[in-house]
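In case you want the letters, here they are:
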Amino acid sequence: MSEKTPLLHYRLTSSDSPPANVESTHSGSKDKSVQKLGVVFGVVVPTLLSMFSVVVFLRIGFVVGQAGLYQSIAMFLVAYFIITLTVLSICAISTNGALDAGGAYYMISRALGPEFGGSIGIMFFFANVCGSALYVLGLVEAIMSTFGVPEEAVAGPHQVLPSGYWWSLLYATTLLLLCFVVCLVGTHIYAKAIFIIVIIVAAVLATIFINFFIAKPIVVVLPNSSGLNSTRVSTANYTGFQLHTLEGNLLPNYTVDYSTGATMTFTTVFAVMFNGCTGIMAGSNMSGDLKNPSYSIPRGTLAAVLTTFLTYNLLSLLAAWSCDRHLLQKDYSFLGDINVWPPLVTIGIYSSAMSAAMSNLIGASRILYALAKDGLFGGVLALAKKTSLSGNPWASVLASWLLVQVVLFAGKLNTIASIVTIFFLLVYAAVNLACLALEWASAPNFRPSFRCFTWHTCALGILCCLVMMFLINAIYAFASIAFMLLLLMLIHYLGPISNWGYISQALIFHQVRKYLLMLDARKDHVKFWRPQLLLMVANPRSCTNLMTFINDLKKSGLLVLGHVKLGLLDGLPSDPLPSCYDSWLSLVDHLNIKAFVNLTLSDSVRHGVQNLLFITGFGGMRPNTLVLGFYDDCTPQDELQGKILLSAGHDLDAASPTADPREQWSPFFPYVRCAEELKDLPDHEYVSLIADAVKMGKNVTLARYFNQFNRVEVLESGMKVGGYRGMTGPFVDVWPLNLLQPDSRGYVDTCSLFLLQLACVLKESRAWSQARLRLFLCVESARSLKEKEEEAKKLRVMLKKLRISAQVQMVEWDQVVALHWQRREGLNLVESAQNVERRERPDEECQEDGFQAFPNNDALLTDEYICAVNDLIRGQAGPQPAVRFLYLPRPPADTSRYRAYLHQVEVLSRDLGPTLLIHGVTPVVTTVL
């Protein structure tokens, strides 16, 4: 009986051997003695060793014996089709610029950004850790199958090693310790040994191929599959090249696997076979040690893939042609049985398994070191950055060794083999995704010299990798994807900002540009109207409360924060605005609002606002409403004093630029002005801003007293004030009548409907969903109750048609209006005399005094009347509202009346709390479906 070749479990998974001889350089110095590698020893050899490993010795018989030659070749074609798609993506990325050490992690992180790079890097790290443990356990099983003492059988002369779980763990720990010592001393030891390993594996493969032609037919004793206490001996035949043998092995014949007791199917055999085809990234993972990565990786990887494909198919053909089906199904180590010198195959298995275990350990340490250097996990991986004087990351090697030791407690290959393959497949899918994203983004700088790929190959590669993951083990596939997404979100919210570039931004730009071109302003319809707000901010320190409220008011619309920096470019050495954007964007992040920022440089605030109204936005996404803070004498309050920017941890009170681009900016804005300081904007110019916006067809909103607005208290306290304990949700009061035009009876005009629409939009936002709208209807007490009810009913019917839920309240204001009419009656005689005088004046003089020929109603208003209206608003019973919506009259045509107009609006809204004065000029509601 010939000596049996050590048997590894058929689920042993080959993996990518990351950098075998990557010698990390010490910070600030370079090891000039490190010799760069070429195509053969830098890419081809590591990839061949990783893809062959022990698979070529132990899985060929299993695949052919179960699936038959036809389906075996079909399986290899499908498997290599999948991995070739990934190889094309690897080649494309590797030829798109300088490639540093890190392999797949470097490619993905620099292409997709830190979130994907960090999460996939961790997955790749764990894959290498588990892969190293897997190969150590496989080597232990191979050793024990040859030299281990059987538990219930008579030991042979060479079976001297005690067996059992703890003994196997001890042997695995010893072998891992040997790998650890090699990695700790330096990867140059493995680099020197790789040449010997290649010679051994090549020699073993050569003897296998030769043996098929020179070996005579023999009877092979099969492993005992009838139980440990059975004495029956099973045999099978090696027939040599016989046509009837080939015919018997062409079709599939799925049976029970003798080593596991599981019934095989096409899917299970394909999954097992595919595990042996991974390892394609071993060469690209050595990018840091290659002379010319862009040249070596495509050529070396493709050459290795082609070589392994031909080898696997040729071995399948030779095995099917010379071994009967019983031998292939019952003895996976038949290559050793029929070899001229059986121990040679055993040596090949030991050598390849040991090299794979060391290379995975080295790769895991280098990936951990790269993650630590990039700082994606903050101080968690700080110790992993420590290196020796020669640049060897000993801390990362130590951490990787400890984790591999923990995995060794699993004890069996099939416990971890599936998850290892799934981890690697997830990395392959991410590489395809990176290439696909770069291609879809149409970035001008994505110009790989390797052009044998399209977005179709990338997308197909992603799909194939995901399908294979779920074929191998659906539970592990779901768990690994969920773990990756968890890491991605963790890095996104907690990780620092990188300067690698974000592919997401390129993709967003590409899609937004395409959809903006499709957004045709000529196709706008009133039923799809939404608020698009331009909020002018003089100093964000004094209006953060207003910014958070307007963010709620926009709902799903557009919000742009505008700011005018006074100055002329002629007197400046460079444009001062680009350096300010980082501070504004950091503030947007800090306030957690969804807003754009648009800054301009102008000689006056009015001209600056005009510029922003003219140019802000693209296509159909342009602001339709201008929001201004109110012009009053209140001293602004610093709402950012002592605040910390959550996303970067910086004090908001000062700028703190550092050398690290991830910590380059903290928001810095000028301190708020003192009460004695003059405003940059005169009152006349402020009203001109309102008039300009109306002339340009923009709606205008003035916000007052929002320094008193506390969003958290308003939304969370439930507005349980004034003894109204049963009411929950803040109140929003709406006064749709032009209170500065008491002789007007109309409620339904463009401005009042716009005011109602904005209040409804605020209520529909998620944060204000519990708010209650109160609509105040001003009536005359002299009118009959029936007339009042009819008017209220008409208003409710209108609200119902507009689908606006609001509580209508009747307000009698006869006494307030009487003050106005008393003033009008007193001025009637004066007005009549002025009219007679105008008729006597020449036409030219009347044209010059045209504004006086048609006097505005606001010229007849008195402070007494406006104060009475103000008292009427403040005197309404019920809980205090969170915010009030008032009708803002159009500015007078006569510019000399601007100051009086501003005074009237100021008196009207005095001491009302947070208030919006709104003037609408565009139709915004419809009753049509």
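Each value, and the rule that gives it
Residues numbered from 1 in each chain as written. Predicted model: local features only at pLDDT ≥ 70, side-chain atom pairs only at ≥ 80, totals over all residues. Heavy atoms only, no water. Helix = DSSP H or I, 4+ residues; strand = E, 2+ residues; numbered from the N terminus. Buried < 20%, exposed > 50% of the residue type's maximum accessible area, 1.4 Å probe, protein only. Contact = heavy atoms within 4.5 Å. Areas by Shrake-Rupley, 256 points an atom, 1.4 Å probe, with all protein chains shown as cover. Axes fitted to C-alpha atoms, helices over the stretch in contact; angles between N-to-C directions. Parallel < 35°, antiparallel > 145°, perpendicular 65-115°, else oblique. Left-handed = near helix turned anticlockwise from the far one by under 90°. Nonpolar A, V, L, I, M, F, W, Y, C, P; charged D, E, K, R; others polar. Pairing = 2+ DSSP bridges. Expected span 1.5 Å × (residues − 1). Salt bridge = Lys/Arg side-chain N within 4 Å of Asp/Glu carboxyl O. Right-handed = clockwise from strand over helix to strand, strands pointing away. Core = buried A, V, L, I, M, F, W, Y, C linked by side-chain atoms within 4.5 Å. Phe/Tyr/Trp six-rings, centres within 6.5 Å; stacked < 30°, edge-to-face > 60°. Polar contact = N/O pair within 3.5 Å; in protein donor to acceptor, adjacent residues only side chain to side chain. Patch = residues over 30% accessible without salt bridge, like charges linked within 9 Å, V, L, I, M, F, W, Y side chains within 5 Å. pLDDT = per-residue confidence, 0-100. Disulfide = S-S within 2.5 Å.

Caption draft 1: Structural context of the overall build of the protein. In terms of regular secondary structure, the protein is built from 30 helices and 14 strands. A buried classification covers 53% of the 929 residues belonging to the protein. Considering only contacts within the protein whose residues lie at least 6 apart along the sequence, 82% involve residues at least 24 apart. Within the structure as shown, the protein displays about 41,700 Å² of accessible surface, and the carbon and sulfur contribution to it stands at 61%.

Caption draft 2: Local environment of the packing of helix H5 (residues 114–147) against helix H13 (residues 343–374). Between H5 and H13, the least distance of the axes is 8 Å, while the angle of their chain directions is 160°. Judged by the inter-axis angle, H5 sits roughly antiparallel to H13. In terms of crossing hand, the pair formed by H5 and H13 is left-handed. Taken together, the residues that form the contact of H5 with H13 break down as 22 nonpolar, eight polar and no charged.

Caption draft 3: Geometry of the pairing of strand S13 (residues 883–887). Within S13, five of the five residues are buried, which leaves it mostly tucked inside the rest of the structure. Across four bridges, the pairing between strand S10 (residues 731–735) and S13 is parallel. When the sheet's bridge partners are listed, Val734 is paired in S13 with Phe885. Pairing geometry for S13 and strand S14 (residues 915–919), over four bridges, is parallel. Residue pairing in the sheet places Phe885 in a bridge with Leu916 of S14.

Caption draft 4: Quick peek at helix H24 (residues 750–764). Relative to the 21 Å expected for 15 residues at 1.5 Å per residue, H24 spans 21 Å between its end C-alpha atoms, a close match to the ideal helical length. Across the 15 residues of H24, twelve count as buried, placing the element largely inside the fold. Along H24, the positions that sit buried rather than exposed are Cys751, Ser752, Leu753, Phe754, Leu755, Leu756, Gln757, Leu758, Ala759, Cys760, Val761 and Leu762.

Caption draft 5: Looking closely at the pattern of salt bridges. All chains considered together, the criterion is met by nine salt bridges. Between Asp638 and Arg541 there is a salt bridge whose closest N-O contact spans 3.2 Å. With Asp638 in the loop between strand S6 (625–629) and strand S7 (644–645) and Arg541 in the loop between strand S3 (532–536) and helix H19 (544–554), this residue pair connects regions lying 97 residues apart in the sequence. A residue is classified by how much of its surface remains accessible, and Arg541, at 0% relative accessible area, is buried. The partner of Asp683 in a salt bridge is Arg899, with the nearest N and O atoms 3.0 Å apart. In this pair, Asp683 sits in helix H22 (residues 683–695) while Arg899 sits in helix H30 (residues 898–908), placing the two residues 216 residues apart along the sequence. One connected set of salt bridges, linked through shared partners, spans Asp632, Arg704, Glu906 and Arg910.

Caption draft 6: Spatial organisation of unusual backbone geometry. The phi dihedral of Lys555 is positive, around 50°, even though this residue is not glycine. Assignment of secondary structure puts Lys555 in the loop between H19 and strand S4 (558–566). Its identity is not glycine, yet Arg803 carries a phi of approximately 60°, on the positive side. With respect to the helices and strands, Arg803 occurs in the loop between helix H25 (785–801) and strand S12 (807–812).

Caption draft 7: Layout of the pairing of S4. For S4, a buried count of seven out of nine residues is recorded, marking the element as mostly surrounded by other parts of the structure. Alignment of S3 against S4, held across five bridges, turns out to be parallel. Residue pairing for S4: Leu535 is matched across the bridge by Leu561. Crossover connection from S3 via H19 to parallel S4: handedness right-handed. In this sheet, strand S5 (residues 596–602) lies alongside S4 in parallel orientation, the contact comprising seven bridges.

Caption draft 8: Structural view of the sheet that holds S5. Overall, mixed pairing links the ten strands, which are arranged S5-S4-S3-S6-S9-S14-S13-S10-S11-S12 in an open sheet. Each end of this open sheet is capped by a strand with a single partner; those strands are S5 and S12. When strand polarity is set aside, the average angle formed by the axes of neighbouring strands in this sheet is 25°. Judged from the six bridges that link them, strand S11 (residues 772–779) and S12 form a sheet pairing that is parallel. Across the sheet, the residue bridging to Cys778 is Val811, located in S12.

Caption draft 9: Layout of the environment of Leu485. Here Leu485 lies in helix H17 (residues 474–494). Relative accessible area serves as the criterion here: at 43%, Leu485 is assigned to the partly exposed category. Linking Leu485 and Phe116, residues 369 residues apart in sequence, is a C-alpha distance of 8.8 Å.

Caption draft 10: Layout of the packing of helix H16 (residues 455–472) against H17. Packing of H16 against H17 leaves a shortest axis separation of 5 Å and a crossing angle of 125°. Taken together, H16 and H17 sit at an angle that is classed as oblique. Listed contacts from H17 to Leu466, Met469, Phe470 and Ile472 of H16 are Ala474, Ala477, Phe478, Ser480 and Ile481.

Caption draft 11: Up close: the nonpolar core. Counting residues in each nonpolar core, the largest one holds 165 residues, and the members touching the most others are Phe57, Tyr80, Phe212, Ile280 and Phe334. Take this core: its biggest share by element is 20 residues, from helix H15 (residues 413–441). Not counting residues within four places of it along the chain, the set of residues in contact with Tyr80 comprises Met51, Cys277, Val305, Thr308, Phe309 and Tyr312. Formed by 60 residues, the second largest nonpolar core is a distinct cluster that contains Trp529, Leu591, Leu601 and Ala882.

Caption draft 12: Fine view of the environment of Leu640. On the secondary structure map, Leu640 appears in the loop between S6 and S7. Sequence separation between Leu640 and Leu587 is 53 residues; the distance between their C-alpha atoms is 9.9 Å.

Caption draft 13: Spotlight on helix H14 (residues 394–407). Here H14 is 14 residues long and its end C-alpha atoms lie 20 Å apart, about the 20 Å a rise of 1.5 Å per residue gives. Restricting attention to buried positions, one finds in H14 the residues Ala395, Ser396, Val397, Ser400, Trp401, Val404, Gln405 and Val407.

Caption draft 14: A look at the packing of aromatic side chains. Inspection of the entire model under this criterion finds 20 aromatic pairs. Measuring from ring centre to ring centre gives 6.2 Å for Phe266 and Phe270, while their planes differ by 5°; the resulting arrangement is stacked. Pair noted here: Phe266 and Phe270 are both in helix H9 (residues 266–275), with a separation of four residues, about one helical turn. We classify Phe266 as partly exposed; its relative accessible area is 39%.

Caption draft 15: Region of interest: the side chain of Ser89. One can find Ser89 in helix H3 (residues 60–94). Ser89 gets classed as buried once you look at its relative accessible area, which sits at 0%. A distance of 2.7 Å separates polar atoms of two side chains, one belonging to Ser89 and the other to Asn432. Sequence-distant contacts of Ser89, defined by excluding residues within four places in its chain, comprise Val431, Asn432, Cys435 and Cys458.

Caption draft 16: A look at a nonpolar patch on the surface. Residues Ile210, Phe213, Ile214, Val340, Trp341 and Ile347 make up a contiguous nonpolar surface patch of roughly 650 Å² in combined accessible area. Inspection of the secondary structure puts Ile214 in helix H7 (residues 187–214).

Caption draft 17: Looking closely at the confidence of the model for the protein. A residue-level look at the protein finds 79% of positions with pLDDT of 70 or above and a mean pLDDT of 78. The low-confidence segment residues 719–726 (pLDDT under 50) makes 15 contacts with residues lying over four places distant or belonging to another chain. Note on residues 839–855: pLDDT is under 50 here. Beyond four places in sequence and across chains, it has eight contacts.

Caption draft 18: Broad picture of the state of the cysteines. Counted by the stated rule, this structure contains zero disulfides. The thiol of Cys464 is not disulfide-bonded; the next cysteine sulfur, from Cys465, is found 7.0 Å away. Judged by relative accessible area, which is 14%, Cys464 ranks as buried.

Caption draft 19: Seen up close, the environment of Ala893. With respect to the helices, strands and loops of the structure, Ala893 is situated in the loop between S13 and H30. C-alpha of Ala893 to C-alpha of Ala691: the two residues are 202 residues apart in sequence and 8.6 Å apart in space.

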